[in-house]
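A look at the structure
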Amino acid sequence: MAQNRTFFDTKLTELEDKVVRLANLTMRQTATAIEVLEKHDLELAQTVIDNDNELDDLELTINDEAILLIAKQQPVATDLRRLIVTMKSATDLERIADYATNIAKAVTRIEHVPYLHDIQPLKQMAEQLIDMLELATRAYRKGEVSRVRELNEMDRVIDEINLTVIKQYIGSLPAMTVGTNDVYEFSNIARYLERMGDHVTNFGEHLIFLEKGKHYDLNQ
């Protein structure tokens, strides 16, 4: 029995380490995607797009190994919650990375360089998002679950910037003779960043579920 427990704990720790690795790769993808936006670096954009497969594969590995542990070890209570949180967290992180890839793809479709629109608000959203990811990852790694409630206010900042920047971009359309497609792409980038923030708050909610055993909505 003790041997089975040691095996389970070892495998679960390995899984949680993979989630942390996925979180770090997701932060790297996000930061690189914003660098692509800042520099309109199409070669770097392709790197972000190509790297997405690595994150997809890691998320699949985490979920497959978690399901296998559930099937073979039949964990209960806290152990089962840890495995569920592992899978849900991996899924949210992979979705964030997908949006980072979408940002890189959007940049490749922007036609006018230098840009016709101010990207500073997008950079502010991205910086806030990376801070959220760092906080959530640290909370997951160190068990600092109480801090994840800060994600709600941090995400609200992203939401507010998103609404402002969308209004600015759309409001510029009537006066424009060129670059209307760019407005669409910049608006998409803002929307991607807003959705990424929502997935980070989901990550935080999973950690609260792990500790409390019940669901909590950080966006209340």
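Residues numbered from 1 in each chain as written. Predicted model: local features only at pLDDT ≥ 70, side-chain atom pairs only at ≥ 80, totals over all residues. Heavy atoms only, no water.

Quick look at the overall build of the protein chain now. If you tally the helices and strands in the protein chain, you get six helices and zero strands. The helix and strand sequence of the protein chain, counted from the amino end, reads α-α-α-α-α-α. Along the first, second and third principal axes, the C-alpha atoms of the protein chain reach 75 × 35 × 20 Å. Looking at the protein chain residue by residue over its 220 residues, the buried ones come to 49%. Once local pairs closer than 6 in sequence are excluded, the contacts in the protein chain between residues at least 24 apart make up 82%. Within the structure as shown, the protein chain displays about 10800 Å² of accessible surface, and the carbon and sulfur contribution to it stands at 51%. Positive and negative side-chain charges in the protein chain, numbering 25 and 38 respectively, have mean positions lying 6 Å apart. (Helix = DSSP H or I, 4+ residues; strand = E, 2+ residues; numbered from the N terminus. Buried < 20%, exposed > 50% of the residue type's maximum accessible area, 1.4 Å probe, protein only. Contact = heavy atoms within 4.5 Å. Areas by Shrake-Rupley, 256 points an atom, 1.4 Å probe, with all protein chains shown as cover. Lys, Arg positive; Asp, Glu negative; His and termini not counted. Charge placed at Lys NZ, Arg CZ, Asp CG, Glu CD.)

Summed over all chains, the structure comprises 12 salt bridges. Two residues, Glu-35 and Lys-39, come together in a salt bridge whose shortest N-O distance is 2.7 Å. Taken together, the positions of Glu-35 and Lys-39, both in helix α1 (residues 2-39) and four residues apart, correspond to about one turn of that helix. As a salt-bridge pair, Arg-156 and Glu-153 come within 2.9 Å of each other at their nearest N and O atoms. Note that Arg-156 and Glu-153 are positioned in helix α5 (residues 150-171) at a spacing of three residues, about one turn of the helix. Classification of Arg-156 as partly exposed rests on a relative accessible area of 34%. Classification of Glu-153 as partly exposed rests on a relative accessible area of 46%. (Salt bridge = Lys/Arg side-chain N within 4 Å of Asp/Glu carboxyl O.)

All right, on to the UniProt feature "domain: PhoU" (unreviewed entry) in the protein chain then. UniProt marks residues 20-107 and 122-205 with the feature "domain: PhoU" (unreviewed entry), using the numbering shown here. Annotated as 94% helix and 0% strand, the span residues 20-107 places its first and last C-alpha atoms 28 Å apart. Helix and strand shares over residues 122-205 are 82% and 0% respectively, and the end C-alpha atoms of the span are 25 Å apart. (UniProt positions renumbered as here; feature names shortened; annotations may be inferred.)

What follows is about α5. Between its terminal C-alpha atoms α5 stretches 32 Å, which fits the 32 Å expected from 22 residues at 1.5 Å a residue. Regarding α5, the residues found buried are Leu-151, Asn-152, Met-154, Asp-155, Ile-158, Ile-161, Asn-162, Val-165 and Tyr-169. Of the surrounding elements, those touching the buried residues of α5 are α4 (120-142) and α6 (180-212). (Expected span 1.5 Å × (residues − 1).)

Leu-122, Phe-186, Ile-189 and Leu-193 are the most contacted members of the largest nonpolar core, which has 68 residues in total. Of all the elements in the fold, those that place two or more residues in this core are α1, α2 (42-73), α3 (77-108), α4, α5 and α6. Once residues lying within four places of it in the same chain are set aside, the contact partners of Ile-189 are Leu-37, Ile-103, Ala-106, Val-107, Ile-110 and Leu-122. (Core = buried A, V, L, I, M, F, W, Y, C linked by side-chain atoms within 4.5 Å.)

Turning our eyes to something else, we now look at the packing of aromatic side chains. The description of two aromatic rings rests on the distance between their centres and on the angle between their planes. Taken as a whole, this structure holds four aromatic pairs when the rule is applied. Centroid distance Tyr-99 to Tyr-192: 5.9 Å. Interplanar angle 35 degrees. Geometry classified as tilted. One end of the pair, Tyr-99, is in helix α3; the other, Tyr-192, is in helix α6, with 93 residues separating them in the sequence. Taking the centre distance of 5.8 Å and the plane angle of 50 degrees together, the rings of Tyr-140 and Phe-203 count as tilted. On the criterion of sequence distance, the pair formed by Tyr-140 in helix α4 and Phe-203 in helix α6 is long-range, its members being 63 residues apart. (Phe/Tyr/Trp six-rings, centres within 6.5 Å; stacked < 30°, edge-to-face > 60°.)

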